[in-house]
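Chain and residue survey
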Amino acid sequence: MLSPELGHYALALACILAAAQGILPLIGAHRRDRRVMMLAPGLAVGQLLALLTAFLCLVYAAVTDDFSVQNIAANSAVSKPLLYKITGVWGNHEGSILLWALILGICGAAVAAFGRNLPSALRARVIAVLGAVAAGFELFCLTTSDPFARVWPAPMDGQGMNPLLQDPGLAFHPPILYTGYVGFAVPFAFAIAALIEGRVDAAWGRWVRPWAVAAWCFLTCGIALGSWWSYYVLGWGGYWFWDPVENASLIPWLTGTALIHSAIVVEKRESLKIWTVLLAIATFSFSLSGTFLVRSGILNSVHAFANDPARGIFILGLLAVVIGGSLALFAYRAPTLTAGGLFAPISREGALVLNNILLCSLCAVVLTGTMYPPFMSLLFDRTISVGKPFFDATTIPLAIPLFIFMGFGPMLPWKRAQLWPVLQRLWIAAILAGVAFALATFGMSGILPILCSALAVWVIAASVLDITERVRLFRMPLSGSLQRARMLPRSIFGTAIAHAGVGVTILGLAAMSQAQHKIVEVPVGTTEHLAGYDWTLTNVTQEPGPNYSAMVATLEVRHNGKIVTIMHPSKRSFNSQNQTTTEVSIHTNLLADLYGVLGDKHGTDAAPTYVLRLHYNPLAPWMWLGALIMAIGGVLSLSDRRMRVGAPRRAKSSSNTVTAA
């Protein structure tokens, strides 16, 4: 039977197996003892099975309303819908840490299963590093964040879930986001293993890249889903608040993007090796730091968990060991590093270096803006708010050159290139960007949105031209172009699609700066005018829900006298938590969103008035469509046969020195 005691036992067993996984394979690799190294895959799979058992026990307790488990009593209720009983398991601190450990266990087992082509010593070290990190998180679960702790006497009903989290978007947002976070543990483990082994080469770059791309795809989808949740649940009409916890997910995304591009240089040219190792360490370190910030109480956010100093101190200690230890190892190896392959500034490598510089500069700006307020509060007892004006003013100047060079980079040859031939191939993209700039001046206000719209068209057009140039479209018979397209590696198409997705997102962001909105207080029957549409409040009713009561409005939206849509925004009251939430109603045709929010009721019952927030958001869906296109590009790259068959064999070398550019 799946009891809490079984779950607690399985979690303790997983911690022991993870500790063994983190120690024994390292000893075996050091002694070149193949028998000990071969323990690594079995320990990784055993740890995963124990974690899966623990997680299923917690899910079973939630589904069966076992309120003798403190975690379930605090975060669930009898009236809670079944979907949210299940997804609510990771909607709290204890459950989310267990989910984090489970995903980390999956990563270790995945390396064990799909890393059979790796050298046995490297494979053992990678699995060992993953096991050591997992042991830290599982020990954290057992000591300060036990999800199976009992409460006595057991209450008849639980306190219920935070109503803001009772939503499908946020139900599936944490697992996807955590998979992105934790997925970067694999490149981190490869980096530490390479430093221990004393060797970084092209084969290492080939092994690292698919894991980094997979984690990046999940993190992209997780961030997009969180942004979408903010847009349609919080009811303020926006999509990104520059909330500190939102920024905590953006920071590793930026360095992870840089890591993917840098790993390409390692694989193709055996350059930027140590920079790539440092990026792998930094990306996972930022993922861990985000976990610390959310759970330590340092950051105030709608996403943050409750303040608990004991938990914060434990995670801070874990951060010190993981991040400090990895950086110390990196510093120890630094004196032995020698230069690798050379390349000209104008080359594919040069473009990727510039890409890394701009991405890491963006990361530094976001990190500074996020951490400056808590440090000022801690050191000088001063409360400072850093918001949208700061981030817009500091990130846009760095993003603009990044978008410009995105068009050039994929077309530049390796090692040395001439810029003029590339410009000649991009003249169509330049013309389209110029036309977009001219058209935007008539329909948009503000130079930055106009410029960003032109750059978005530039990025999309350059991505399309990259493919057309490679298949020589219109320069040879169509059958020949199709044959060349079939012969192209899928990663080429994946890169172009991902870059085009960035352009689509930029268009959505630029258009959203032109959004129109109105806040009014009106009685039933009133018509308001916004963005050429007539919005009429025709009715407001009270409707019961499974664990709430709702005030539901009916909004008829007309354009030129014809009904476009009937919207039903609502306001929900959760009595068990004494909390209210808004349920936004959105009508979209993919070119614009009509967005309605119902606010408070005022006046008397005989003559009530209602607060309405009305928005017209042009190209809003494109922001998330672009993120989906980016992820599709990443998945297509992962399907490339060159990634699936693994790296070429390493050349034998008598040197035990790390070479790097």
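In short, a report on the structure. (Residues numbered from 1 in each chain as written. Predicted model: local features only at pLDDT ≥ 70, side-chain atom pairs only at ≥ 80, totals over all residues. Heavy atoms only, no water.)

Some remarks on the pattern of salt bridges
When their charged atoms lie close together, side chains carrying opposite charge are able to pair. Applying the stated criterion across every chain, the model contains 17 salt bridges. Between aspartate 201 and arginine 199 there is a salt bridge, and its shortest N-O distance comes to 3.3 Å. On the accessibility criterion, aspartate 201 (9% relative accessible area) is buried. Note on arginine 199: relative accessible area 21%, which makes it partly exposed. The partner of aspartate 600 in a salt bridge is lysine 571, with the nearest N and O atoms 3.4 Å apart. Separated by 29 residues along the polypeptide, aspartate 600 in strand E9 (residues 592–603) and lysine 571 in strand E6 (residues 570–574) bring together distant segments of the chain. For aspartate 600, a relative accessible area of 42% puts it in the partly exposed group. (Salt bridge = Lys/Arg side-chain N within 4 Å of Asp/Glu carboxyl O. Buried < 20%, exposed > 50% of the residue type's maximum accessible area, 1.4 Å probe, protein only. Helix = DSSP H or I, 4+ residues; strand = E, 2+ residues; numbered from the N terminus.)

Remarks on the sheet that holds strand E10 (residues 608–618)
The four strands are arranged E1-E10-E9-E8 in an open sheet whose pairing can be described as antiparallel. Edge positions in the sheet fall to strand E1 (516–522) and strand E8 (585–588), since each of these pairs with one other strand and no more. Taking the axes of each pair of neighbouring strands and ignoring which way they run, one obtains an average angle of 15 degrees across the sheet. The sheet contact formed by E9 and E10 spans 10 bridges and is antiparallel. Bridging across to E10, valine 597 finds its partner in arginine 613. (Pairing = 2+ DSSP bridges. Axes fitted to C-alpha atoms, helices over the stretch in contact; angles between N-to-C directions.)

Notes on the pairing of strand E4 (residues 549–559)
Side-chain direction in a regular strand flips from residue to residue, so the side chains alternate between the two faces of the sheet. With respect to burial, E4 is a largely interior element, eight of its 11 residues being buried. Sheet analysis places strand E3 (residues 533–544) next to E4, joined by 10 bridges and oriented antiparallel. What sits directly across from threonine 536, in E4, is glutamate 556. Hairpin connection between E3 and E4: a loop of four residues separates the two successive antiparallel strands. Pairing analysis gives four bridges linking E4 to E6, with the strands arranged antiparallel. By the bridge assignment for E6, alanine 550 is matched with arginine 572. Where E4 folds back onto strand E5 (residues 562–567) in an antiparallel hairpin, the turn is made up of two residues, including asparagine 560, whose phi is positive at roughly 55 degrees.

Brief notes about the packing of helix H1 (residues 4–31) against helix H7 (residues 120–143)
Running from N to C, H1 and H7 cross one another at 150 degrees; their axes reach a closest spacing of 7 Å. By the angle between their directions, the pair H1 and H7 is classed as roughly antiparallel. In this structure, H1 crosses over H7, and the sense of that crossing is left-handed. Considered class by class, the residues forming the contact of H1 with H7 number 20 nonpolar, five polar and two charged. (Parallel < 35°, antiparallel > 145°, perpendicular 65-115°, else oblique. Left-handed = near helix turned anticlockwise from the far one by under 90°. Nonpolar A, V, L, I, M, F, W, Y, C, P; charged D, E, K, R; others polar.)

Concerning helix H18 (residues 447–471)
Taking 1.5 Å of rise per residue, 25 residues should cover 36 Å, and H18 covers 36 Å from first to last C-alpha, within 8% of that figure. Just past H18, the residue arginine 472 takes up positive phi, approximately 55 degrees. (Expected span 1.5 Å × (residues − 1).)

Notes on the packing of aromatic side chains
Overall, the coordinates contain 19 aromatic pairs when judged by the stated rule. When the ring of tryptophan 100 is compared with that of tyrosine 181, the centres are 5.9 Å apart and the planes differ by 35 degrees; the resulting orientation is tilted. Remark: tyrosine 181 occurs in helix H8 (residues 168–183) and tryptophan 100 occurs in helix H6 (residues 93–114); sequence separation between them is 81 residues. Residue tryptophan 100 shares its accessibility class with tyrosine 181, and that shared class is buried. Judged by centre distance (5.0 Å) and plane angle (40 degrees), the rings of phenylalanine 188 and phenylalanine 284 are tilted. Here the residue phenylalanine 188 occupies a position in helix H9 (residues 185–197), and phenylalanine 284 occupies one in helix H12 (residues 273–296), the gap between them amounting to 96 residues. Each member of the pair, phenylalanine 188 as well as phenylalanine 284, is classed as buried. Site record: aromatic cluster; members linked through ring pairs are Trp228, Tyr231, Tyr232, Tyr595 and Trp624. One Lys or Arg, arginine 348, reaches over the ring of tryptophan 414 and ends 4.9 Å from the middle of that ring. (Phe/Tyr/Trp six-rings, centres within 6.5 Å; stacked < 30°, edge-to-face > 60°. Lys NZ or Arg CZ within 6 Å of the ring centre and 35° of its normal.)

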